[in-house]
Amino acid sequence: MKQFFADFSKLIKLRLTFLVVFSASVTFLMGSKMQVARGEIDGIAWGNWLILIVGGFFVTGAANCFNEIIEKDLDKLMTRTKDRPMPAGRMTTGQGLVSGLLMGMFGTWLLGKLNLETGLLSVFSILLYAFAYTPMKRKSPIAVFIGAIPGALPPLIGYLAALGHATNFLPIDYQVAVILFLVQFVWQFPHFWAIAWVLDDDYKKAGFRLLPTTKRDKISAFITLLSTIILIPVSLMPTFYGFGGIYVAIISVAIGVWFMYTALKLFLKQDLESARKVMFASFIYLPVAQLALLFDFIIK
């Protein structure tokens with residue numbers, strides 16, 4: 001039983017799935033709070049919040065499962081992934097496919113119960129991640145751009161899920177949703193590239209080409225730095241458009257400058273230790289930025 005849970009955790013990439021669900025659940029609470037403030041609902045629909053968490057968990061797990069099915073033979077080549085259940089021979093491709101299909105259908109059905117937009121976006125995220133991003137990883141660094149789209153959908157899905165079956169979406173609803181998408185979209189570039197820098201030797205065994213120039217060099221480091229610089233003004237958009245307060249701006253700038261500083265060190269040194277610090281900063285940045293927005297909504 002212990003091995004089963006360990007394999008299931010690797011199959012769905014549990015830590016990544018948790019981050020996705022966390023992003024969606026935070027923005028669900030933000031969307032709910034905005035509706036409460038407008039007097040459209042009496043309180044947060046906690047049942048819908050639970051549906052989002054469970055549905056998001058299974059949809060994300062399905063996308064990761066399909067990713068591993070497609071990359072099974074490549075995962076055997078890399079130290080980081082060779083112990084996953086399919087490349088290690090503890091699970092067949094057929095078992096993985098059935099697991100992915102069941103999780104995908106059940107998760108999509110749950111999210112579709114919240115509203116049509118949420119269900120359709122969940123299907124789109126599975127298809128784009130598994131069948132566009134995954135095969136592109138061996139062909140071109142443009143894969144990072146493609147992967148950033150489904151990777152940025154969770155906050156958009158979470159916010160739209162909070163609107164339920166409402167038919168009178170206001171312009172502000174779409175505006176907030178798009179900005180939340182943009183923040184996570186831009187964040188993923190330094191996040192992806194820092195990981196790619198750290199794991200480049202392992203990635204090369206499978207032919208993955210994820211760094212901007214496909215190698216660890218000054219240009220790749222500069223583009224990573226540039227993406228952290230762009231993230232700072234993007235993170236100020238919630239405050240600029242009036243749904244994030246001054247504290248959100250202060251926190252966003254503070255962690256954005258710190259994130260940028262780690263990328264600057266990578267640009268100057270171009271070493272693995274600096275890349276690991278950028279990667280670590282990326283793990284801290286997103287939850288802090290999202291929690292700052294959520295708390296700002298709560299205290300208003």
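Data block above holds the structure.
Residues numbered from 1 in each chain as written. Predicted model: local features only at pLDDT ≥ 70, side-chain atom pairs only at ≥ 80, totals over all residues. Heavy atoms only, no water.

## Section: empty space enclosed by the protein
Using a probe with the size of a water molecule, rolled over the atoms, empty space left in the structure can be pinpointed. The condition is simple: Grid points spaced at 1 Å and placed over the protein atoms alone form the basis of the search, with a cavity being a set where a 1.4 Å probe fits but cannot get out and a pocket an open set showing protein on both sides within 12 Å along at least five of seven lines. Lining residues have an atom within 4 Å of a point. Grid points are joined across faces, edges and corners, and a volume is the space filled by probe spheres set on the points. Helix numbers and strand numbers start at the N terminus; a helix is a DSSP run of H or I with at least 4 residues, a strand a run of E with at least 2. The nonpolar class holds Ala, Val, Leu, Ile, Met, Phe, Trp, Tyr, Cys and Pro. Asp, Glu, Lys and Arg form the charged class, and all remaining residues, Gly among them, are polar.
The full count for this structure, using the stated rule, is one cavity of 30 Å³ or more. When its volume is computed, the largest cavity comes out at roughly 120 Å³. Looking at the largest cavity, it is lined by 14 residues, and the ones nearest its centre are Leu-180, Val-183, Ala-289, Gln-290 and Leu-293. Listed by contribution, the elements that provide at least two residues to the lining of the largest cavity are α8 (171-198), α12 (246-269) and α13 (272-299). Counting residues per element, the lining of the largest cavity draws most heavily on α13, which supplies five residues. Class assignment for the residues of the lining of the largest cavity results in nine nonpolar, five polar and no charged.

## Some points on the packing of helix α2 (residues 14-37) against α13
Packed helices, taken two at a time, are described by the angle between their axes plus the distance between the axes. So the rule is basically this: Angular values range over 0 to 180 degrees, each being the angle between N-to-C directions of two axes fitted as lines to C-alpha atoms, with helices fitted over their stretch in contact. Angular relationships are summarised with four words: roughly parallel below 35 degrees, roughly antiparallel beyond 145, roughly perpendicular across 65 to 115, and oblique for the angles in between. In this scheme the handedness of a crossing depends on how the near helix is turned from the far one: anticlockwise by less than a right angle means left-handed, clockwise means right-handed. A contact between two residues is defined here by any heavy atoms of the two lying within 4.5 Å.
In contact at an axis separation of 9 Å, α2 and α13 are set at 20 degrees when each is read in the N-to-C sense. One way to sum up the angle between α2 and α13 is to call them roughly parallel. Here α2 runs over α13; the crossing is left-handed. Where α2 approaches α13, its residues Leu-19, Phe-22, Ser-23, Val-26, Leu-29, Met-30, Lys-33 and Met-34 are matched on the opposing element by Leu-286, Pro-287, Gln-290, Leu-291, Leu-293, Leu-294, Phe-297 and Ile-298. Looking at the contact of α2 with α13 residue by residue, the classes come out as 13 nonpolar, two polar and one charged.

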